[in-house]
Amino acid sequence: MWIARIISFCLAAMLVALPAQAARLQFCWIGANGYTMEGIIGFPETLLGTGIITEKQVTEFRIQGYHEGLPIGFWSLSMLTPETSWTLRFDTDSLAFPMGGSREQQTYQEWNANGEVNDCGATGGFGFNGGNWAQDVCIDNTWISDSSVDPFTPLPAFGMDVRLGCDPLLPIS
């Protein structure tokens, strides 16, 4: 009887020690004038299908910016400091970042870039802002107005097994 209890206790301890499964998704933002961004978001799998989650529930996050296919900056959750502008909303039902720039409607995004898009880091800094004026990027503490697109532009996320095309659309003529 005591051996069964020890085995039961050991099994329970091992289950508690196992890491929770993570949902891991990728996304691609296409801005104006050749600006793009690729990213990854991760959070506990148990949150899938529960609606809106915030930056407090995200366990993995990183973004890489490009201009005309060349890297222009990077930011990840591991770089988060108390001074970082960090507001994130993600809809685990639709697998998309709500956009439109309203804090009240949970459609505001601030990923190492505040509403002025000017606080992403002086040297090598990169950030993204989805505000009520536009969606755009910040490079070296500077708002890149040329990157701006409509604030309601959708930003869906996809499984890691999906091949994303994050190339900007080029005009034919």
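Residues numbered from 1 in each chain as written. Predicted model: local features only at pLDDT ≥ 70, side-chain atom pairs only at ≥ 80, totals over all residues. Heavy atoms only, no water.

### Notes on the pattern of salt bridges
Phase 1: Taken as a whole and judged by the stated rule, the model has 5 salt bridges.
Phase 2: Arg 103 is paired through a salt bridge with Glu 110; the nearest N and O atoms lie 3.5 Å apart.
Phase 3: Taking relative accessible area as the criterion, Arg 103 reaches 49% and is therefore assigned partly exposed.
Phase 4: Among the ionic contacts, a cluster of salt bridges with common partners joins Arg 24, Glu 60 and Arg 62. (Salt bridge = Lys/Arg side-chain N within 4 Å of Asp/Glu carboxyl O. Buried < 20%, exposed > 50% of the residue type's maximum accessible area, 1.4 Å probe, protein only.)

### Here we look at the sheet that holds strand S6 (residues 86-87)
Phase 1: With respect to topology, 5 strands assemble into an open sheet ordered S6-S9-S10-S11-S12, the strand pairing being antiparallel. Edge positions in the sheet fall to S6 and strand S12 (142-149), since each has one partner strand and no second.
Phase 2: Where strand S11 (residues 135-139) meets S12, 4 bridges bridge the pair, whose relative direction is antiparallel. Note on S12: the bridge partner recorded for Ile 139 is Thr 142. (Pairing = 2+ DSSP bridges. Helix = DSSP H or I, 4+ residues; strand = E, 2+ residues; numbered from the N terminus.)

### Overview of the state of the cysteines
Phase 1: The final tally for this structure, using the stated rule, is 2 disulfides.
Phase 2: Disulfide pairing places Cys 28 opposite Cys 166 at an S-S distance of 2.1 Å. Taking the sign of the S-S torsion, 105° for the link of Cys 28 and Cys 166, the bridge is right-handed. Of this pair, Cys 28 sits in strand S1 (residues 22-30) while Cys 166 is found in the segment after strand S13 (155-159), placing the two residues 138 residues apart along the sequence.
Phase 3: For Cys 28, a relative accessible area of 15% corresponds to the buried category. (Disulfide = S-S within 2.5 Å.)

### Regarding the layout of surface pockets
Phase 1: Put simply, the largest pocket is a space of about 170 Å³.
Phase 2: If you trace the largest pocket, you find 13 residues lining it, with Gln 26, Phe 27, Glu 38, Gly 39 and Ile 40 closest to the centre.
Phase 3: Among the elements of the structure, S1, strand S2 (35-44) and strand S4 (60-67) are those that each provide at least two residues to the lining of the largest pocket.
Phase 4: When its residues are assigned to classes, the lining of the largest pocket shows 7 nonpolar, 4 polar and 2 charged. (1 Å grid on protein atoms, 1.4 Å probe; cavity = no way out; pocket = protein on both sides within 12 Å on 5 of 7 lines; lining within 4 Å. Points joined across faces, edges and corners; volume = space filled by probe spheres on them. Nonpolar A, V, L, I, M, F, W, Y, C, P; charged D, E, K, R; others polar.)

### Regarding the pairing of S2
Phase 1: Taking burial as the measure, the 10 residues of S2 include 8 buried ones, the bulk of the element.
Phase 2: Both S1 and S2 contribute to a ladder of 9 bridges, which runs antiparallel. Within S2, the residue paired with Ala 22 across the bridge is Pro 44.
Phase 3: Taking the residues between adjacent antiparallel strands as the criterion, S1 and S2 are bridged by 4 residues, where Asn 33 takes a positive phi near 55°.

### Here we look at unusual backbone geometry
For residues besides glycine, phi is generally negative; the peptide bonds are generally trans as well.
Phase 1: You will see that Glu 68, though not glycine, has its phi angle at about 50°, which is positive.
Phase 2: Residue placement: Glu 68 occurs in the loop between S4 and strand S5 (70-76).
Phase 3: Judged by relative accessible area, which is 60%, Glu 68 ranks as exposed.

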